[in-house]
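Below are the chains, spelled out letter by letter.
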Amino acid sequence: MKNIDSRSHVRGESIYVNDIPVRQDTLFGVVLGSPVAHGKLHDIDFSEALKMDGVEAVISAKDITGENQIGSIIQDEELFADKEVHFVGMPVALVCAKTDAIARKALAKIKLDIEELRPILTAREAYAEKKFISPSRTFKIGSTDAMWEKCEHIIEGQAEMGGQEHVYLETQGAYAYMLENGSIKIHSATQATKHVQVGASVVLGIPMHKIEVDTNRIGGGFGGKEDQATHWGTLAALATNTLKKPLKLILSRADDFVMTGKRHPYSFDFKLGLDKNLKILCYQVEAFQNAGAAADLSPAIMERTLFHGTGSYHIPNAKITCHSCRTNLAPSTAMRGFGAPQAMFALEAAIMKAAATLNVSPLEIQKRNLLQESDRFPYGQVAENCNAGKCWDTAYKKFAVEKLKKEIAAFNKNNDHSKKGLSLFPLCFGISFTKTKLNQGRSLVHIYTDGSVSITTGVVEMGQGVNTKILQAAAKTLSISPRRFTIHSTNTTRIANASPTAASTGADLNGKATIMACAALLARLKDVACRELKGRDPDKIEIKDEIVFHRGKKTSLKWEKLILLADEARVSLSEHAHYATPEVHFNKATEKGHPFAYHVYGTAVTVVTVDCLRGTYEIDLVKCVHDFGTSINLDIDIGQAEGAIVQGIGLMTIEELLVDPKGKHVYDSLSSYKVPDIYFAPKTIEVVPLDSKPDKLALLGSKAVGEPPLMYGIGTYFAILMAMREFNPKMKLPLWAPLTHQKCLLSLYEGYGEALK
Ligand code: MTE
Ligand code: HPA
Ligand code: MOS
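Bear in mind that the values here come from a model prediction, so they are computed numbers and not experimental data. (Residues numbered from 1 in each chain as written. Chains lettered and ligands numbered in written order. Predicted model: local features only at pLDDT ≥ 70, side-chain atom pairs only at ≥ 80, totals over all residues. Heavy atoms only, no water.)

### Here's the deal with the site of ligand 1
Consideration 1: In the vicinity of ligand 1 lie 19 residues, with G221, F222, M462, G506 and Q640 positioned nearest.
Consideration 2: In the environment of ligand 1, a nitrogen atom lies 3.3 Å from a nitrogen or oxygen atom belonging to the backbone of G463.
Consideration 3: A distance of 3.0 Å is found between an oxygen atom of ligand 1 and a side-chain nitrogen or oxygen belonging to Q464.
Consideration 4: Within the complex, 92% of the 530 Å² of free accessible area of ligand 1 lies under protein. (Near = heavy atom within 4 Å. Polar contact = N/O pair within 3.5 Å; in protein donor to acceptor, adjacent residues only side chain to side chain. Areas by Shrake-Rupley, 256 points an atom, 1.4 Å probe, with all protein chains shown as cover.)

Written out as structure tokens, the structure is:
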């Protein structure tokens, strides 16, 4: 089935926040962000701004009627800076004017009196100064201390990984207006309607039932709108409530770039121990997470770093520690992979360094240590239906890795300045929110008397195709045409307390709830049909393709008639269902449990060509065997995989976030911050579904797909390193992502003279 959004997307008819027709007297808001990364805010003078024609008000911390607080996990984040500023771009004031242009002009007239303080910019600096977001945590299995002496080889080192900007096509924004009796409606570009509702409720000091949050769809979120859409929805609500006029607040790309948090940069110290057969006996890693100026989702992201510390490998003795460090960057936040890519990069870096030191292929170490059925993860869960080996072997054979190796060797022999490199990357990603309580989905299904059906769930459509999957699940359960359905906006008055659309769980949680609601409706309809057909046992009734069958025989009763009969008999045609993932639990005191419903596996083969004169590279191919379970929509799933692969490659290669010593982004726009375009993307991407079993906790056996394939991008990093080593075998391995062209060039020639000797 086609993605139900493709028609309106292509025609430009899909409705995002900025497409909602504005109401009379609507004001436009522009946010003034701090120009300074760390400082004391002594005074804001907006007298000049207020004198401008068309400026209605300037709102700041003093206008907050509730609490100046939007932290979700830890209440440590002010909506407006009050006495201090903590990062460049931290909201200080909101100018409300008749047009966006007037608001921007007025903003330039506001004078800030800030006494600058020294900013902390890296995680290691913050660690040295003991600036933490939350207590450090350690996951352990076996005993590392006792095992080091049994290791034949011990490799130690450091790795660094930079952040990543989300670059959703639709920037952050919200549109708010008053309803009656002090209620407020907020149209928000959010992945988490509930978070915006809670934020507005706390900041305005009014109960949640007075705030309605509605999200029709968003133009990409990638995690950036899980917690960080709350600011803009709350600001719009605050202004609306203060001025009693509608207010629209849409960030410009430039403001969005500076004001919103990004993927967490991480620093790592690792130590890897192997026996003489290249079995990993021991792995110890200390991760320093650059959380930025407030907690945001950092404690949860730290948790996923810990969960994925051993990647797709079985490591009998492991100790993984993570420190969440407070710095003066915009609060780092969720982004596709949620702390896992960093953990996996650190381990692959350690394996690469070991391979280089021992002069073996990294593939030998990887292959020998892959997870197997019933292996235990450091967090206590056991690998069930483990497909790690199967993905690796299938990829190896299907993509003719032996032949690729020979071709690459021949190429490298014949080319002095152009070198090819190959890598394999095995993936294992846990599906579920690591916070058990978030693993709930909800669905509200109405059948109207004409036989058409309306569905609302807690999930937000952000381009991942989740609404199409939900519609498919509902149509299959009721066995009626997909054309009978509309999936409505995500709205707090129809679905309360929704978990964010995140952790790749949207389809599983809300699709399962939808199936439950449809199944309950179907049971009632069968009763109606049974009575109508004078049968005795409703279990002998079936609906197939809109026709009622009785004892296996087709009857003349059809869907539309059946619905009318149900209404006539005063049978409810509406159902709200709630699904909670069974089996998942986790005990933070012991750091053990069964946090994931299941794992997704895969293996990526990557080949790159490096131009060793220029330090530039091209990605020849990325071919993956990926575990989709039994996909209900392979077109959507392969689209997700392809997009994630390119986003993951960007993370590892050209997307660089540098900050200057004052904490300002050096690359702060899309002309200087480079994202992969179609020319940079791999020349070939091939995603082959693994012949895999359906998982009962996945929606109709179709495994979650949103985040896992992003991590295939890690393979590109190591393919580039392999090619670079062909040119300069003595090169010091740069274990510092992203591996930009610049960095590639500089690394290639470090110690190059020596290599020539
Ligand atoms: N795909 C598109 N097109 N746009 C997005 O913003 N977000 C990703 C992924 N795929 C995203 C996307 C992220 S970070 C997650 S967690 C999942 O989609 C969320 O949706 P799901 O739970 O329905 O897979
Ligand atoms: N993944 C993504 N988002 C989240 C999670 C998670 O595990 N927990 C809370 N938000
Ligand atoms: Mo995705 S980072 O869980 O929104």
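Here the narrative resumes.
### Details of the domain arrangement of the chain
Consideration 1: Segmentation of the chain into domains returns domain 1 (6-118 + 166-259), domain 2 (266-433 + 590-756) and domain 3 (440-580).
Consideration 2: The straight-line distance from the C-alpha centre of domain 1 to that of domain 3 is 37 Å.
Consideration 3: At the junction of the two partners, domain 1 supplies 20 residues and domain 3 supplies 15 residues.
Consideration 4: Counting the surface lost from both domain 1 and domain 3, the interface buries some 1,300 Å², and carbon and sulfur atoms represent 51% of this.
Consideration 5: Taken as a group, Q191, T193 and K194 account for 32% of the area that domain 1 buries against domain 3, more than any other trio of residues on that side.
Consideration 6: On inspection of domain 1 and its partner domain 3, the count reaches one salt bridge. (Domains from an automatic or database assignment. Contact = heavy atoms within 4.5 Å. Buried area = accessible area lost by both parts, 1.4 Å probe. Salt bridge = Lys/Arg side-chain N within 4 Å of Asp/Glu carboxyl O.)

### Structural notes on the site of ligand 2
Consideration 1: As a structural note, the neighbourhood of ligand 2 is formed by E226, R304, F338, F433, T434, L438, A502 and A503.
Consideration 2: At 2.6 Å, a side-chain N or O of E226 approaches a nitrogen atom of ligand 2.
Consideration 3: In the environment of ligand 2, an oxygen atom lies 3.2 Å from a nitrogen or oxygen atom belonging to the backbone of T434.
Consideration 4: Protein chains bury 97% of the 260 Å² of accessible surface belonging to ligand 2 in isolation.
Consideration 5: Within the shell around ligand 2, the residues separate by chemical class into five nonpolar, one polar and two charged. (Nonpolar A, V, L, I, M, F, W, Y, C, P; charged D, E, K, R; others polar.)

### Brief notes about the sheet that holds strand β14 (residues 280-292)
Consideration 1: Read across the sheet, six strands follow the order β7-β15-β14-β13-β8-β30 without closing on themselves; strand pairing throughout is mixed. Either end of the sheet is taken by a strand with one partner, and the two such strands are β7 (132-141) and β30 (736-737).
Consideration 2: One ladder, built from ten bridges, connects β14 with strand β15 (residues 317-326); its direction is parallel. Paired with C282 across the bridge in β15 is N317. (Pairing = 2+ DSSP bridges. Helix = DSSP H or I, 4+ residues; strand = E, 2+ residues; numbered from the N terminus.)

### Observations concerning the pairing of strand β22 (residues 547-550)
Consideration 1: Burial along β22 is two-sided: I547 and F549 facing one way and V548 and H550 facing the other are all buried.
Consideration 2: The sheet contact formed by strand β21 (residues 541-544) and β22 spans four bridges and is antiparallel. Bridge pairing links K544 to I547 in β22.
Consideration 3: Linking two consecutive strands that pair antiparallel, namely β21 and β22, is a turn of two residues; a positive phi of about 50° is found at D545 within it.
Consideration 4: In this structure, β22 lies alongside strand β23 (residues 553-558), joined through three bridges in antiparallel fashion. (Buried < 20%, exposed > 50% of the residue type's maximum accessible area, 1.4 Å probe, protein only.)

### With respect to unusual backbone geometry
Consideration 1: Note the cis peptide between A737 and P738, where omega equals 0°.
Consideration 2: Mapping P738 onto the fold places it in the loop between β30 and α19 (741-748).
Consideration 3: The backbone of S432 shows a phi angle near 145°, a positive value even though the residue is not glycine.
Consideration 4: A relative accessible area of 3% places S432 in the buried class.
Consideration 5: Although it is not a glycine, K534 sits at a positive phi angle of roughly 55°.

### Let's talk about the packing of aromatic side chains
Consideration 1: Scanning the entire structure with this criterion turns up 17 aromatic pairs.
Consideration 2: For the pair F345 and Y717, a centre-to-centre distance of 5.0 Å together with 75° between the ring planes defines the contact as edge-to-face. In this pair, F345 sits in helix α10 (residues 340-358) while Y717 sits in helix α18 (residues 713-727), placing the two residues 372 residues apart along the sequence.
Consideration 3: A residue is classified by how much of its surface remains accessible, and F345, at 0% relative accessible area, is buried.
Consideration 4: Since its relative accessible area comes to 0%, Y717 is described here as buried.
Consideration 5: Over the ring of Y175 we find K248, and its NZ or CZ is 5.8 Å from the ring centre.
Consideration 6: Above the plane of the ring of W148 lies K271, whose end atom (NZ or CZ) is 4.3 Å from the centre. (Phe/Tyr/Trp six-rings, centres within 6.5 Å; stacked < 30°, edge-to-face > 60°. Lys NZ or Arg CZ within 6 Å of the ring centre and 35° of its normal.)

### A closer look at the side chain of S14
Consideration 1: Turning to its location among the elements, S14 is positioned in the loop between α1 (6-10) and β1 (27-33).
Consideration 2: Looking at S14, its side chain comes within polar contact range of the side chain of S8, at 2.7 Å.
Consideration 3: Among the polar contacts made by the side chain of S14, one reaches the side chain of H9 at a distance of 2.6 Å.
Consideration 4: With residues near it in sequence (within four places) discarded, S14 still touches D5, S8, H9, D19 and R217.

### A word on the packing of α10 against α18
Consideration 1: Packing of α10 against α18 brings their axes to within 10 Å, and their N-to-C directions diverge by 25°. The pairing of α10 with α18 is recorded here as roughly parallel in orientation. Every pair of crossing elements has a handedness; the one defined by α10 and α18 is right-handed. Counted together, P341, M344, F345, E348, A349, M352 and A356 of α10 and I714, Y717, F718, L721, M722 and R725 of α18 form the full contact between these two elements. (Axes fitted to C-alpha atoms, helices over the stretch in contact; angles between N-to-C directions. Parallel < 35°, antiparallel > 145°, perpendicular 65-115°, else oblique. Left-handed = near helix turned anticlockwise from the far one by under 90°.)

### Side note on the packing of helix α14 (residues 466-478) against helix α15 (residues 506-532)
Consideration 1: Running from N to C, α14 and α15 cross one another at 25°; their axes reach a closest spacing of 9 Å. By the angle between their axes, α14 is roughly parallel relative to α15. As α14 packs across α15, the resulting crossing turns out to be right-handed. Counting all contacts with α14, which are made through V466, K469, I470, A473, A474, T477 and L478, the residues of α15 involved are G506, A507, N510, G511, T514, I515, C518, A519 and L522.
Consideration 2: Classifying every residue of the contact of α14 with α15 by side-chain character gives ten nonpolar, five polar and one charged.

### Remarks on the sheet that holds strand β17 (residues 440-447)
Consideration 1: The strand order across the open sheet built from four strands is β19-β18-β17-β24, with neighbouring strands paired in mixed fashion. Both edges of this open sheet fall to β19 (485-487) and β24 (574-580), since each of them pairs with a single strand only. Strand after strand, the sheet turns through a mean of 20° between neighbouring axes, direction not considered.
Consideration 2: The strands touched by α15 are β17, β18 (453-457) and β24; relative to β17, the strand with the most contacts, the crossing angle is about 40°.

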